[in-house]
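Architecture and fold: a report
So the chains spell out like this:
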Amino acid sequence: MTAATNLAIFDLDNTLLSGDSDYLWGQFMIERGLVDGPTYARENRRYYEAYVAGTLDILEFLRFALRPLRDNDPELLRQYRAEFLAEKIAPIIPASTHDLLQRHRERGDELLIITATNRFVTEPIAELLAVPNLLATDPEIINGRYTGEVSGTPCFQHGKVVRLQQWLGQQRTSFDRHWFYSDSHNDLPLLEQVQHPVAVDPDDILRERAQTRGWPIVSLRQETGQAVFEKTVA
C-alpha cells in the first residue's frame, strides 16, 4: 500500500469499459463452442436484462455464469481468456478511461476497481488498465479447479459495500476521501456511502438520482480522450 490518503473506486462494466465484460465473455464462449450456443445466448441475454432492470437474482445468475469455469479445463480457459482480452475488451476501453485513471494517479490517489463480474474475467482487465486493486465476485477454487460456486460475498449491490468495508479494514492506510464512479443504479448502495459519487454514462434511474442529488455526471465515451462533465441539477 502506498502513502495515498484518498481512494478512487471504479465500477468496471459500462463505466471504465464501454460494454459489459461479463456479457461479452458469455458471447465469446458461444463463439468458441465452450457452451451450448442457443441456450446460453438466450439465458445470457435474460440475465443481462434482469441486471439492467435491477431485478437480477445474483446467486441464480452466478450458478449459470460460473458453470463453464467448472466444466472446462483451467489452462484452456486461460488461453481463451487471453484471446477474449485482445478481441473483446481492448477495443472497448475508451481513451477517456486512461485519462481519468491517470489524473487520479497523478494526484496520488489509490485506485480500486469494484465489480460484480467474476475475478476470472476481470483480473486481467484490471492489469490491462494498470489498476492495482480489484474487488470482484470470487469463484470458488478447490484443488486447482473451479467448483461453479461462489467464494464469499458476491460483489453486487449492497455486497459491494460489504466487500469494500472488509477491504478497507485490511489496509494500513486510512483514506481521507473516497470517489466512486459508476454507470448503474445497482451501485446506489455504494454511491450513497462515499463523499464523491460520480455517475458515468448513467442509466436512466441513476441519472435521475444524480440530478436530484447534484452528483457530477460524466461521459467517458466521447472522442476527446478526456472525461466530459455535464451540468448537474441540485
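Residues numbered from 1 in each chain as written. Predicted model: local features only at pLDDT ≥ 70, side-chain atom pairs only at ≥ 80, totals over all residues. Heavy atoms only, no water.

**A word on the packing of helix α2 (residues 21–32) against helix α6 (residues 74–89)**
- Interaxial distance between α2 and α6 falls to 10 Å at its minimum, and their mutual angle equals 115°. In terms of crossing hand, the pair formed by α2 and α6 is right-handed. Residue-level contacts link Ser 21, Leu 24, Trp 25, Phe 28, Glu 31 and Arg 32 of α2 to Leu 77, Tyr 80, Arg 81, Glu 83, Phe 84, Glu 87, Lys 88 and Ile 89 of α6.
- Residues that form the contact of α2 with α6 fall into these classes: seven nonpolar, one polar and six charged. (Axes fitted to C-alpha atoms, helices over the stretch in contact; angles between N-to-C directions. Helix = DSSP H or I, 4+ residues; strand = E, 2+ residues; numbered from the N terminus. Left-handed = near helix turned anticlockwise from the far one by under 90°. Contact = heavy atoms within 4.5 Å. Nonpolar A, V, L, I, M, F, W, Y, C, P; charged D, E, K, R; others polar.)

**What about unusual backbone geometry?**
- Positive phi values are uncommon outside glycine, yet Asn 14 reaches one of about 60°.
- Along the chain, Asn 14 turns up in helix α1 (residues 12–16).
- With a phi close to 55°, Asn 143 is a non-glycine residue in the positive phi region.
- Secondary-structure assignment places Asn 143 in the loop between β3 (133–142) and β4 (145–151).

**Quick word on the packing of aromatic side chains**
- The full count for this structure, using the stated rule, is 14 aromatic pairs.
- Ring centres of Phe 28 and Tyr 80 lie 6.3 Å apart, and the angle between their planes is 75°; on these two criteria the pair is classed as edge-to-face. Taken together, the positions of Phe 28 in helix α2 and Tyr 80 in helix α6 put the pair 52 residues apart, joining distant regions of the chain. Side by side, Phe 28 and Tyr 80 carry an identical accessibility label, which is buried.
- Look at Tyr 47 and Phe 64: their rings are 5.1 Å apart centre to centre, the planes differ by 35°, and that puts the pair in the tilted class. Of this pair, Tyr 47 sits in helix α3 (residues 37–53) while Phe 64 sits in helix α4 (residues 58–65), and the two are 17 residues apart along the sequence. Taken individually, Tyr 47 and Phe 64 each receive the classification buried, so the pair is uniform in this respect.
- Of the aromatic side chains, those joined through ring pairs into one cluster are Trp 25, Phe 28, Tyr 80, Phe 84, Phe 120 and Tyr 146.
- Between Arg 46 and the ring centre of Tyr 47, over which it is positioned, the NZ or CZ distance is 4.5 Å.
- Here Arg 81 stacks its cationic end above the ring of Phe 120, 4.4 Å away from the centre of that ring. (Phe/Tyr/Trp six-rings, centres within 6.5 Å; stacked < 30°, edge-to-face > 60°. Buried < 20%, exposed > 50% of the residue type's maximum accessible area, 1.4 Å probe, protein only. Lys NZ or Arg CZ within 6 Å of the ring centre and 35° of its normal.)

**Brief notes about the pattern of salt bridges**
- For the structure shown, the criterion picks out 20 salt bridges.
- Linking Arg 46 and Glu 60 is a salt bridge whose minimum nitrogen-to-oxygen distance equals 3.6 Å. Linking Arg 46 in helix α3 with Glu 60 in helix α4, this pair joins segments that are 14 residues apart in sequence.
- Taking the shortest distance from any N to any O, the salt bridge between Glu 192 and Arg 213 comes out at 2.7 Å. Of this pair, Glu 192 sits in the loop between α10 (188–191) and β6 (196–200) while Arg 213 sits in helix α11 (residues 204–213), and the two are 21 residues apart along the sequence. (Salt bridge = Lys/Arg side-chain N within 4 Å of Asp/Glu carboxyl O.)

**Observations regarding the environment of Tyr 51**
- Checked against the element boundaries, Tyr 51 lands in helix α3.
- Accessibility expressed as a relative area gives 18% for Tyr 51, which makes it buried.
- Discounting chain neighbours no more than four positions away, the residues touching Tyr 51 are Leu 56, Phe 156, Ser 184, His 185 and Asn 186.

Take it as geometry only, folks, not as evidence of what the structure does.
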